[in-house]
Amino acid sequence: MPVKTSKNFILFITIACAIAILPPCAFGGVVTPTKQSAAPIRSHNAYDYFVAAGKLARESNRDAQVERAGGWTPESGSPHKYTLAEKMAILKANEPALSLARQGFPYPFTPPSGTNPPNDQARNIPGFASFRHLARLLRFEAQVRAERGDWAGAMESDLDAIQLGEMSAHGGDVITKLVGEAVVGIGRVGMWDITPHLNAAQAKHAAARLDEIEKHREPLANVMRTEKSSSRLMLESMLTEIEKQKKKYSKREFQEQGVNIDAVNPARLRLAQTRAMDYDIAIASKPYDLRSKDIADADPSGLIYIPSGTKLKFRDTLSIAEAELLRATLGLQVYHEKFGRYPASLTLLTPSILAKAPIDPFARDAPLRYRLQNGGYLLYSVGPDTKDDGGAPIKNEAAKTDKAKALVLQNSPGDIIAGVNKN
């Protein structure tokens, strides 16, 4: 039978995305974790440090204690209630992995690449999957530090997770971008609860570090250009394989595998792939636009895969909006700690507290919405519908949990409220 070109490619994308968003499995009961030793790395590539750190973390945490102790993996029967001492022991066993990951931060991140895209991507998936585990480990460290009253340390752990996620999108394609955003989300979610416990100096330091991390965010257009290049190599690999198999198999056998062999015109497919990817690059390069549409299917053979440019633009814009809301929240914490009240306007935060004014990427970089309210404040982005709903939060009534109700989706009406709509 011929190779499952179209179906295998789409399945590959699906599996990679699932790695970025699905919870990991848990194994076994409570055991004493084994501390591992970090082998020296002679590299100037952050990717090598992160992959090695992820491997080390898996070795020292075979029974997924971090997942259970952190409260992310439910246990059947009577769940074990981890004491602070037990959590600290688990964290201590993973210190070499965390140290190794942090050693990679000063270096640029360059994912490996080769001449065989399907095989190269398959080889890289385990490495990128381990980044998510490292982010969970950093979030667990933040929890333990917070439980001990070290709120500034907890914030640093979460900022490390965000830096890990932002760096891992550099030089990569759509899959690496999705993994990176998942990692960033793990670090970002806990910062809302930590911020009120910071003093002025700690909050200002956190805001400055977040600003520095965001300054090096990989532009979505760069990600799509890399995707264009890697998907072209993927297409050429598939066309070569099809030419080999055309000599072996009938038209009917190709149809059984989801490929309309009569529609496989190499020149037309190359042109279709170029036009579609250029269209997505254009979407990525412009400000968020609710009216943007994905390009129509230009490939009747079902051979080439074109990612949804509008969905990726939404996800990237949402990530920027959440970072800006957090920056503003940290700035407001600084102001409140200094003056005992919140400012009348966000403009009072710059430049003495925040280096630049917080913007709303869903409103073409207009300022975030802010007003004083009931002794506190209301801070929000207009969200993906690009309408100012007066601070009415996005709420998915059909969702079953409070967390799911607050998630921001591409078609969500309402505003993204700081500290409420936490993706």
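How each quantity is defined
Residues numbered from 1 in each chain as written. Predicted model: local features only at pLDDT ≥ 70, side-chain atom pairs only at ≥ 80, totals over all residues. Heavy atoms only, no water. Helix = DSSP H or I, 4+ residues; strand = E, 2+ residues; numbered from the N terminus. Buried < 20%, exposed > 50% of the residue type's maximum accessible area, 1.4 Å probe, protein only. Contact = heavy atoms within 4.5 Å. Areas by Shrake-Rupley, 256 points an atom, 1.4 Å probe, with all protein chains shown as cover. Axes fitted to C-alpha atoms, helices over the stretch in contact; angles between N-to-C directions. Parallel < 35°, antiparallel > 145°, perpendicular 65-115°, else oblique. Left-handed = near helix turned anticlockwise from the far one by under 90°. Nonpolar A, V, L, I, M, F, W, Y, C, P; charged D, E, K, R; others polar. pLDDT = per-residue confidence, 0-100. Expected span 1.5 Å × (residues − 1). Pairing = 2+ DSSP bridges. Phe/Tyr/Trp six-rings, centres within 6.5 Å; stacked < 30°, edge-to-face > 60°. Core = buried A, V, L, I, M, F, W, Y, C linked by side-chain atoms within 4.5 Å. Salt bridge = Lys/Arg side-chain N within 4 Å of Asp/Glu carboxyl O.

### Structural notes on the overall build of the protein chain
Across its full length, the protein chain holds 15 helices and five strands. Per-residue burial over the protein chain gives 50% buried out of 423 residues. Here the contacts in the protein chain between residues at least 6 apart in sequence split such that 76% fall between residues at least 24 apart. Counting every atom, the protein chain has about 19800 Å² of accessible surface; 55% of that belongs to carbon and sulfur.

### Side note on the packing of helix H13 (residues 266-285) against helix H14 (residues 309-339)
Relative to each other, H13 and H14 sit at 25°, their axes nearing to 9 Å. When the axis of H13 is compared with that of H14, the two are roughly parallel. The crossing of H13 and H14 is right-handed. Counted together, Asp-280, Ile-283 and Ala-284 of H13 and Gly-309, Thr-310 and Lys-313 of H14 form the full contact between these two elements. Per-class residue counts for the contact of H13 with H14 are two nonpolar, two polar and two charged.

### Comments concerning the confidence of the model for the protein chain
In the predicted model, the protein chain carries a mean pLDDT of 85, and 84% of its residues have values of at least 70. Averaged pLDDT values for the elements of the protein chain fall to 40 in helix H1 (residues 5-21) and rise to 98 in strand E1 (residues 359-360). Ignoring residues within four places in sequence, the model shows residues 1-32, a span with pLDDT below 50, making 73 contacts including any to other chains.

### Overview of H14
The first and last C-alpha atoms of H14 sit 45 Å apart over 31 residues, in line with the 45 Å expected at 1.5 Å per residue. With 24 of 31 residues buried, H14 is to be regarded as a mostly interior element. One or two positions beyond H14, positive phi appears at Gly-340, with a value near 75°.

### Description of the sheet that holds strand E4 (residues 376-381)
Judged by pairing direction, the sheet is antiparallel, and its three strands sit side by side in the order E3-E4-E5 without closing on themselves. The open sheet has two edge strands with one neighbour each: strand E3 (369-373) and strand E5 (416-417). Across two bridges, the pairing between E4 and E5 is antiparallel. Residue pairing for E5: Ser-381 is matched across the bridge by Ile-416. Of the strands in this sheet, E3, E4 and E5 touch H14, which is tilted by about 160° from E4.

### Focus: the pairing of E3
Taken together, the five bridges between E3 and E4 define a ladder with antiparallel strand orientation. Along E4, the bridge assignment pairs Arg-371 with Leu-378. Hairpin connection from E3 to E4: two residues lie between these consecutive antiparallel strands, with Asn-374 at a positive phi of about 50°.

### Quick look at the packing of aromatic side chains
Taken as a whole and judged by the stated rule, the model has 12 aromatic pairs. Judged by centre distance (5.8 Å) and plane angle (70°), the ring pair of Phe-50 and Phe-105 falls under edge-to-face. Linking Phe-50 in helix H2 (residues 46-60) with Phe-105 in the loop between helix H5 (95-103) and helix H6 (117-147), this pair joins segments that are 55 residues apart in sequence. Side by side, Phe-50 and Phe-105 carry an identical accessibility label, which is buried. Ring centres 5.8 Å apart and planes at 40° place the aromatic pair Tyr-370 and Tyr-377 in the tilted group. Using a relative accessible area of 26% as the deciding quantity, one classes Tyr-377 as partly exposed.

### Digging into the nonpolar core
Grouped together as the largest cluster of nonpolar side chains are 42 residues, with contacts concentrated most on Met-155, Leu-330, Phe-362 and Leu-379. Among the elements of the structure, H6, helix H7 (151-167), helix H9 (191-194), helix H10 (200-215) and H14 are those that each provide at least two residues to this core. When residues in this core are grouped by element, the largest group, 10 residues, is from H14. By size, the runner-up hydrophobic cluster in this structure holds 32 residues, among which are Leu-98, Phe-109, Ala-161 and Ile-186.

### Observations regarding the packing of H10 against H14
Packing of H10 against H14 brings their axes to within 8 Å, and their N-to-C directions diverge by 160°. What the angle tells us is that H10 and H14 run roughly antiparallel. Classified by chirality, the crossing of H14 by H10 is left-handed. Listed contacts from H14 to Ala-200, Ala-203, Lys-204, Ala-206, Ala-207, Leu-210, Asp-211 and Glu-214 of H10 are Ala-323, Leu-326, Arg-327, Leu-330, Gln-333, Val-334, Glu-337 and Lys-338.

### Topic: the pattern of salt bridges
Within this structure, the stated rule accounts for 23 salt bridges. Residues Glu-141 and Arg-102 are paired through a salt bridge, measuring 2.5 Å at the closest nitrogen-oxygen approach. One end of the pair, Glu-141, is in helix H6; the other, Arg-102, is in helix H5, with 39 residues separating them in the sequence. The class for Glu-141 is buried, based on a relative accessible area of 5%.

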